[in-house]
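Survey of secondary and tertiary structure
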Amino acid sequence: EPIVTEGVPPPAELFISGPQTLLSLARSHWDFWSTPRRFFFEQLAHFTEDEVQKERLEYFASGEGRDDLYDYCQKQGRSIL
């Protein structure tokens, strides 16, 4: 259940103020060392032209590929990079 924080302003670091460079966004907001989730593979499948890779990415993003995704990412300690 979500925590209600009515009237409490969100932390300032969650907001991006003004124009940012790609490098500054990468340094301050993106976590490249996180373990990829199903959504990551679902989105990545849109950018490949190789049918074998696309099929594998879609499989990882599907419910039936859940266990294999866990083995591939969690047990192997893989990151987005």
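Residues numbered from 1 in each chain as written. Predicted model: local features only at pLDDT ≥ 70, side-chain atom pairs only at ≥ 80, totals over all residues. Heavy atoms only, no water.

Thoughts on the overall build of the protein
Assigned secondary structure in the protein consists of four helices and zero strands. Counting from the amino terminus, helix and strand elements in the protein follow one another as α-α-α-α. Relative to its full complement of 81 residues, the protein shows a buried share of 14%. When contacts within the protein are restricted to residue pairs at least 6 apart in sequence, long-range pairs at least 24 apart make up 51% of them. (Helix = DSSP H or I, 4+ residues; strand = E, 2+ residues; numbered from the N terminus. Buried < 20%, exposed > 50% of the residue type's maximum accessible area, 1.4 Å probe, protein only. Contact = heavy atoms within 4.5 Å.)

Focus: the environment of Asp50
Mapping Asp50 onto the fold places it in the loop between helix H2 (38-44) and helix H3 (51-61). A distance of 2.8 Å separates a polar side-chain atom of Asp50 from the backbone nitrogen of Val52. (Polar contact = N/O pair within 3.5 Å; in protein donor to acceptor, adjacent residues only side chain to side chain.)

Quick word on the confidence of the model for the protein
Summing up the model confidence of the protein, the mean pLDDT is 80 and the portion of residues at 70 or higher is 75%. Per-element confidence in the protein ranges from a low mean pLDDT of 80 for helix H1 (residues 22-28) to a high of 94 for H3. (pLDDT = per-residue confidence, 0-100.)

Some words on the packing of aromatic side chains
Summed over the entire model, instances satisfying the criterion amount to five aromatic pairs. Plain terms: the ring middles of Phe40 and Phe41 are 5.5 Å apart, the flat faces sit at 85 degrees to each other, and that makes the pair edge-to-face. A relative accessible area of 26% places Phe40 in the partly exposed class. Relative to Tyr72, the ring of Phe41 has its centre 6.3 Å away and its plane inclined at 70 degrees; by these criteria the two rings are edge-to-face. Of the two residues, Phe41 sits in helix H2 while Tyr72 sits in helix H4 (residues 66-75), which places them 31 residues apart along the sequence. One aromatic cluster is present, formed by Phe40, Phe41, Tyr59, Phe60 and Tyr72 through successive ring pairs. (Phe/Tyr/Trp six-rings, centres within 6.5 Å; stacked < 30°, edge-to-face > 60°.)

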